[in-house]
Each structure stands twice: as structure tokens, then as C-alpha cells.
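Coordinates in review
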Amino acid sequence: MLLCAGVAGLCFWTACGPGGDAQAPQLFPLSPPPRSYWPTRDWQISAPETEGIDPAALKKLSDYLFTRSGDEQNRAGIRTDAVVLIRNGKLVYEQYARDFNASSRHNSWSVAKSFVNALAGRAQLQGRIDIDQPAWRYYPPLNTPGKREIKLRHLLNMSSGLSFQEEYEFAPLKSTVVAMLYTSGHHDMARFTGEQEMRATPGEYVYYSSGDTNVVMAALHSGLNDQQYASLPWDELFNPLGIQAVWETDQVGTFIGSSYLYMTARDYAKFGFLYLNDGVWEGKRLLPEGWVDFSRTPAPGYATTRPYDELENAVYGAQFHLLVGYPPTGIPSKYPDAPEDAFMAKGHWGQVVAIIPSLDIVLVRLGDDRDGNFDLNQMMRLLKEAVRR
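Residues numbered from 1 in each chain as written. Predicted model: local features only at pLDDT ≥ 70, side-chain atom pairs only at ≥ 80, totals over all residues. Heavy atoms only, no water.

**Here's the deal with the overall build of the protein chain**
What counts is decided by this rule: Numbering of helices and strands runs from the N terminus, with a helix taken as a DSSP run of H or I at least four residues long and a strand as a DSSP run of E at least two residues long. In what follows, a contact means two residues having at least one pair of non-hydrogen atoms within 4.5 Å.
When you go through the protein chain residue by residue, the secondary structure sums to eleven helices and 13 strands. Sequence separation of 24 or more characterises 66% of the internal contacts of the protein chain that already satisfy a separation of 6 or more.

Written as C-alpha cells, this is what we have:
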């Protein structure tokens, strides 16, 4: 059964009744504890054991992440650059490698997509957008036959129906994302995406698309002049959280929402902490009530019977990855050893901002993994084993 409620039109799955299909993923309650401080200026530091982390088990996690196992010249093996662990709002573990340190800004790759989610949430709260309106109202190039039905919600859920090939190294000549970022589409990435043909009815098929995110980022320009848009991420998100960041734009001035955001590991952790606290910062609601639940709910398109043989990351919410499967359509969890309520901002080559409400944890792991040796499920298993309830 699909239930909807809340300012953001929150939808979440409940278990089917007797005789129904297999149970769909449950949305675990999000109930952050009261906070005695906020890390706007910087994180308070605490010993792992003080915050319920077993030091011996934490060392196993650290050894897994930082033991070099491959040839550096060929970019082989696990190549961790930075790890920051937050428990109970305190920084309990931090380590760097490969010439990175606490002041180094690291490329987000697709972790940036989750920041686009936050900016959309800010605009929704302010009434500048309505994610259930047609996207063309905010991005007029989509006002064409077959594309007028695309809503901002569909774009956030990677369910626009626009054709897109999200491949990098393995299919560069056929890759839409490579063309968008580096060749024929790099001048205006949103327009390039909007000109793609439709592959499915909006909302009925989930396909990971950096193009969908860049269209959302262009739509957020609606109602703003160029100067207001250029300062939007800082005015609405970075400055309130105390984040120092660099975010690249394409040649028409649209922020590249799919990637190319740079900040420190500690600042990525601040972003995760915002979502761990249900969109509240320093007692002020920055995201609409229900927005974080919307972000961590499986996209409704998974309820269709279309096969997901192309799916790389199961399962997707709204610009966030979830760590559950989707049994009704046969999608297994790719991370069976992770806490079931975890969700994450995730990027190419091993970028992770994991948020685990049940453990009151944010884990940031940044890296440069090129050969697939890094096992996110293994990292999450070792993290879970280190936590004393």
C-alpha cells in the first residue's frame, strides 16, 4: 500500500496484507535526540569509547579503509583519502591519506546530487517551487510534446523518463553523461538533457541519471536573477551550516548539480548531520517537514513491473541512495550487512556520506577507487560492529 502525506507529498511503503505481495521496504522512524550544540563553527571532539564506539572494532574499520592493497601508479586497490565519523553529534574518528588533510577540499562527484535535493527542499519550503507541478513551469525548455508531464518530483526521483546512458569508463562512446559533462552537452547541461528522447512515462521507471539532477539545478534558477542564483547554495545552505565550498558551473552559469562540488570531509559531515536531524539546524527548520522522509523513501517507480536489469545501485529515493532492496519487484539489497535505516549521498570512485538515524551516526568516506576493490557493504558491516548500543 502506498500512503502519501505531508508538505512535500511524502510517500512511504507499508507492508502488504495477508495474501499480498512480498513486503516492501519499511520507512524507519526518524527521531533525532535533542542537541546541546551545533557544529556550525566546527565539530566538538570526543573519544570513541565515550560515545559508545569500541576502539578495537574501530581499528578494524580503519585498517580496512586505509591499508593500501594495490599499485598506486595504476590507481589500484582501496584508495581512501579521508574518513570522518560523527557519533552523538561528536567527531570521534578522523583520518587522512594520500596528501589529504582536514583542510583539503575533495571532489564530491555524485554526492553533489544530494545537495541539489537540499536546495530543492529550501525552495519548496519558501514556496518558490512545488515539486508536484510540471517541471516546464520552472524550466521552459521542457514545454514540448511528451515532456510536459515531467514533474520536479519525477526528476528528483530519477524517474523523468528522459533517455540517458549513465556510463563512464566502460562505454564512453555511448555515454550520455560523458557527452553532457565533457563534449557536446557541456555548454548547457540541462538543455542537453532536456533534448533527449523519452524512454518511459514520467514517474514509472527509475533510471539513475545525472541529467535529471542538472535539470533540477537549472529549474532552481526560476524566479531569481543571475546574481541571486550565483549565491543560492551559499545563501540557502552553505552559510547556515558553516560550510566552505566550491561548486563549478557549466558555461551558461548553471551549477553542475550532478558533480563538481568541493569541500572538506568535516563539511560533508555537516551536510549529513542536517539530514540526521530531519532538516533542522540550530533549532531552525531548513527543510520542509517530511522532506527528509521523502528523500529516503524508495522512488514510487519501483512499484512498476518493469525489470531493473540496468540498476547499479539499489534502491534510490530522491537524490539519495538507500541501503535496502525492493522485494515486490525482485530487487535485492546490495548492502545486506548495513543498518536497514541507513541512507547515503554517494559518488563515483568511492565518495560516501552515510546517515544512520538508529545509531545517531554520520560517516564520511572520500576516496579515489578505480578498480572496484572498495566494498561499501564491508565498510558498513565493520562500522555496525564497532557500535555499542
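**Topic: the nonpolar core**
Inclusion rule: As used in this record, nonpolar core signifies buried Ala, Val, Leu, Ile, Met, Phe, Trp, Tyr and Cys residues forming a set joined through side-chain atoms within 4.5 Å. Accessible area is worked out with a 1.4 Å probe on protein chains only. A residue is then buried under 20% of its type maximum, exposed over 50%, and partly exposed in between.
Core analysis: the biggest nonpolar cluster contains 72 residues, and F115, M217, L237, F238, W247, Y275 and V364 have the highest contact counts within it. With eight residues, helix α9 (residues 265-276) is the single largest residue contributor to this core. With near-sequence residues (within four places) excluded, M217 lies in contact with V116, L119, Y229, L232, W247, T254, F255 and G257.

**Focus on α9**
Keep this limit in mind: By definition here, a helix of n residues has an expected span of 1.5 Å times n minus one.
Its twelve residues place the ends of α9 16 Å apart at the C-alpha level, agreeing with the 16 Å of an ideal helix rising 1.5 Å per residue. With twelve of twelve residues buried, α9 is to be regarded as a mostly interior element.

**A short note on the sheet that holds strand β5 (residues 106-107)**
Here is the rule we go by: Strand pairing follows a simple DSSP-based rule, namely that at least 2 bridges must link the two strands. Axis definition: a line fitted to C-alpha atoms, over the contacting stretch in the case of helices. Angles run 0 to 180 degrees between N-to-C directions.
In spatial order, the strands read β5-β7-β6; together these three strands make up an open sheet with antiparallel pairing. Strands with a single pairing partner mark the edges of an open sheet, and in this sheet they are β5 and β6 (246-247). Packing against the sheet, α9 makes contact with β5 and β7 (261-263), and its axis sits at approximately 110 degrees to β7.

**What to know about the sheet that holds strand β4 (residues 90-96)**
Ordered by their spatial adjacency, six strands build an open sheet running β4-β3-β13-β12-β11-β10, and the pairing between neighbours is antiparallel. One side of each edge strand has no neighbouring strand; the edge strands of this open sheet are β4 and β10 (321-322). Pairing geometry for strand β3 (residues 80-87) and strand β13 (residues 361-367), over seven bridges, is antiparallel. Paired with V84 across the two strands is V364, which belongs to β13. Along the sheet, α9 makes contact with β3, β4, β11 (343-347), β12 (351-356) and β13, crossing β13 at roughly 145 degrees.

**Re the confidence of the model for the protein chain**
Note the following rule: Per residue, pLDDT captures the predictor's confidence, and it can take any value from 0 to 100.
In the predicted model, the protein chain carries a mean pLDDT of 90, and 89% of its residues have values of at least 70. Low pLDDT, under 50, characterises residues 1-22; the stretch is placed with 43 contacts to residues that sit more than four places away or in other chains.

**A short note on the side chain of S110**
Going by this rule: Nitrogen and oxygen atoms within 3.5 Å of one another constitute a polar contact, given that in protein one can donate a hydrogen and the other can accept it, and given that sequence-neighbouring residues count only through two side-chain atoms.
Inspection of the secondary structure assignment puts S110 in the loop between β5 and α2 (112-126). On the basis of relative accessible area, S110 is assigned to the buried category, the value being 8%. A polar atom in the side chain of S110 sits 3.0 Å from the side chain of Y208. Setting aside residues no more than four positions away along its own chain, S110 makes contact with Y208, S258, K346, G347 and H348.

**Points about the pattern of salt bridges**
Any two side chains of opposite charge can pair, given that their charged atoms come close. Our working definition: One side-chain nitrogen of Lys or Arg within 4 Å of one carboxyl oxygen of Asp or Glu is enough to make a salt bridge.
Applying the stated criterion across every chain, the model contains 17 salt bridges. Two residues, R98 and D81, come together in a salt bridge whose shortest N-O distance is 2.6 Å. Taken together, the residues R98 in the loop between β4 and β5 and D81 in strand β3 connect sequence positions 17 residues apart. The shortest N-O distance in the salt bridge between D293 and R296 comes to 2.8 Å. Take D293: its relative accessible area is 18%, and that puts it in the buried class. Each of R79, D81, R98, D368 and R370 takes part in a single network of salt bridges with overlapping partners.

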